[in-house]
Amino acid sequence: MRDVRDDEQPRDITFHSTVRADRLRFTAPPRTAVRFPGTGERTSLSRSDRTNLPDTVEPDVDYRDVTVHYRLETGMREPRAPASD
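Just so you know, these numbers come straight off a predicted model, no measurement behind them. (Residues numbered from 1 in each chain as written. Predicted model: local features only at pLDDT ≥ 70, side-chain atom pairs only at ≥ 80, totals over all residues. Heavy atoms only, no water.)

### Some details on the pattern of salt bridges
Counting across every chain of the model gives six salt bridges. Taking the shortest distance from any N to any O, the salt bridge between Asp62 and Arg25 comes out at 2.7 Å. Pair noted here: Asp62 is in strand 3 (residues 62-76) and Arg25 is in strand 1 (residues 13-25), with a separation of 37 residues, a long-range link. Looking at Arg25, the relative accessible area reads 40%, which means it is partly exposed. A salt bridge links Asp49 to Arg47; its shortest N-O distance comes to 2.7 Å. A relative accessible area of 24% places Asp49 in the partly exposed class. Salt bridges sharing partners connect three or more residues here, namely Arg23, Arg25, Asp60, Asp62 and Arg64. (Salt bridge = Lys/Arg side-chain N within 4 Å of Asp/Glu carboxyl O. Helix = DSSP H or I, 4+ residues; strand = E, 2+ residues; numbered from the N terminus. Buried < 20%, exposed > 50% of the residue type's maximum accessible area, 1.4 Å probe, protein only.)

Right, here's the structure in full:
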């Protein structure tokens, strides 16, 4: 999975996960959401790279040899120093 960060500030939370399945079937389309509640400006990233699993899955279809690499990162942005003239 390649790094797509938009800055070099450190993240406060980093979570990476890999899930594999020989066979995967959905009876209904999944409903997913990622939220970063709270106050303050932050930089966040949530993405998945999938093998043998489309972005939109179909109910009652068997997907075989599935791999999903998931990545979530978030961190508070540090205040920028005022520009000096």
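### Things to note about the nonpolar core
Phe26, Leu53, Val57, Tyr63, Val66 and Val68 form the largest nonpolar core, which has six residues in total. Excluding residues within four positions of it along the chain, Tyr63 makes contact with Asp22, Arg23, Leu24, Phe26, Asn52, Leu53, Pro54, Val57 and Glu58. (Core = buried A, V, L, I, M, F, W, Y, C linked by side-chain atoms within 4.5 Å. Contact = heavy atoms within 4.5 Å.)

### What about the sheet that holds strand 1?
Judged by pairing direction, the sheet is antiparallel, and its three strands sit side by side in the order 1-3-2 without closing on themselves. Lying at the two open borders of the sheet, with one neighbouring strand each, are strand 1 and strand 2 (42-51). In this sheet, adjacent strand axes meet at a mean angle of 10 degrees when their direction is disregarded. Strand direction decides the pairing type here: strand 1 and strand 3, joined by 12 bridges, are antiparallel. Counted as the bridge partner of Thr14 is Glu73 from strand 3. (Pairing = 2+ DSSP bridges. Axes fitted to C-alpha atoms, helices over the stretch in contact; angles between N-to-C directions.)

### Some thoughts on the packing of aromatic side chains
Counted according to the given criterion, the structure contains one aromatic pair. Seen from their ring centres, Phe15 and Tyr70 are 6.4 Å apart, and the 55 degrees between their planes marks the pair as tilted. Pair noted here: Phe15 is in strand 1 and Tyr70 is in strand 3, with a separation of 55 residues, a long-range link. Given the relative accessible area of 44%, Phe15 is considered partly exposed. (Phe/Tyr/Trp six-rings, centres within 6.5 Å; stacked < 30°, edge-to-face > 60°.)

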